[in-house]
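Structural overview for review
This is what each chain is made of:
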Amino acid sequence: MSSPMGPVTTSSPSMMGRRAANSDALNKAARVGFMAKGLVYALIGVLAFEVAQGSSQRADQKGALQKVSEQSYGPFLLWVMALGFFAYALWRFSEALWGRRDETDDKKRIAKKIGSAANALVYLFFGVSSAKYAMGGSSSGQGSMTAKVLNSSGGQTIVVIAGLVIIVIGIALTVRGLKTDFEKHLRSGQMSHTTYKVVRRLGQVGYVARGIVF
């Protein structure tokens, strides 16, 4: 809608927010977050093999961060991962506020926004965890946080809801992998037929495995 002085949409807070969310700087920072995610899941895969062999006790995100922290270059890499996770969370929050660029269906827009907000909170937590490990912390914070929530008013309900949300995310990721819903994000025109088939299969396996991890 135009004002007497002409269109104002380009300078509205909403449009300014969308431009910020789609800026090159935030997109590049989000890529660092994607790389941090990839590293964590790769380490979870390594830990899963170690668990199967009896040489490790946990194959999850916390175990992956612990493994990184034990390396000589651990603190530096953990800070990079923390910044990446924070950037990724910020990007997801921007999607929750202004919607995804590839989503045109109004009925799905709200669900996508909720999903983006949930993702943002998860990776914000990973960013905080990475920073704590980088500063020499441990994984004890997660347990104490859960204990504090449980001991608070309505704590059990909050923890149950959080658990259900994680289960739903895991199921959604698994279904997305089985249905190959991620294909619309692939630049298939820039790939050879063989490359496309390999990437598509890796995506299927990766999403299903990620759902199991959740």
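Coordinates for the structure precede this section.
Read on for an overview of the structure. Worth saying up front: this structure is predicted, and the values here are computed from it rather than measured. (Residues numbered from 1 in each chain as written. Predicted model: local features only at pLDDT ≥ 70, side-chain atom pairs only at ≥ 80, totals over all residues. Heavy atoms only, no water.)

What follows covers unusual backbone geometry. Although it is not a glycine, Thr180 sits at a positive phi angle of roughly 50°. Inspection of the secondary structure assignment puts Thr180 in the loop between α7 (155–179) and α8 (193–213). The exposure class assigned to Thr180 is buried, which follows from its relative accessible area of 8%. (Helix = DSSP H or I, 4+ residues; strand = E, 2+ residues; numbered from the N terminus. Buried < 20%, exposed > 50% of the residue type's maximum accessible area, 1.4 Å probe, protein only.)

On the surface, Leu83, Phe86, Leu121, Leu124 and Val128 cluster together into a nonpolar patch covering about 430 Å² of accessible area. When residues of the nonpolar patch are traced back to their parent elements, those giving at least two are α4 (74–98) and α5 (106–134). No other element matches α5, which puts three residues into the nonpolar patch. Among the structural elements, Leu124 can be located in helix α5. (Patch = residues over 30% accessible without salt bridge, like charges linked within 9 Å, V, L, I, M, F, W, Y side chains within 5 Å. Areas by Shrake-Rupley, 256 points an atom, 1.4 Å probe, with all protein chains shown as cover. Salt bridge = Lys/Arg side-chain N within 4 Å of Asp/Glu carboxyl O.)

One pass over the full model with this rule turns up nine aromatic pairs. Aromatic ring contacts, followed pair by pair, group Phe34, Phe85, Tyr88, Trp91, Tyr123, Phe125 and Phe126 into a single cluster. (Phe/Tyr/Trp six-rings, centres within 6.5 Å; stacked < 30°, edge-to-face > 60°.)

Moving on to the side chain of Asn119. Locating Asn119 in the fold gives a position in helix α5. What makes Asn119 buried here is its relative accessible area of 16%. Those residues in contact with Asn119 that sit more than four places away from it in its chain are Tyr88, Arg92 and Arg210. (Contact = heavy atoms within 4.5 Å.)

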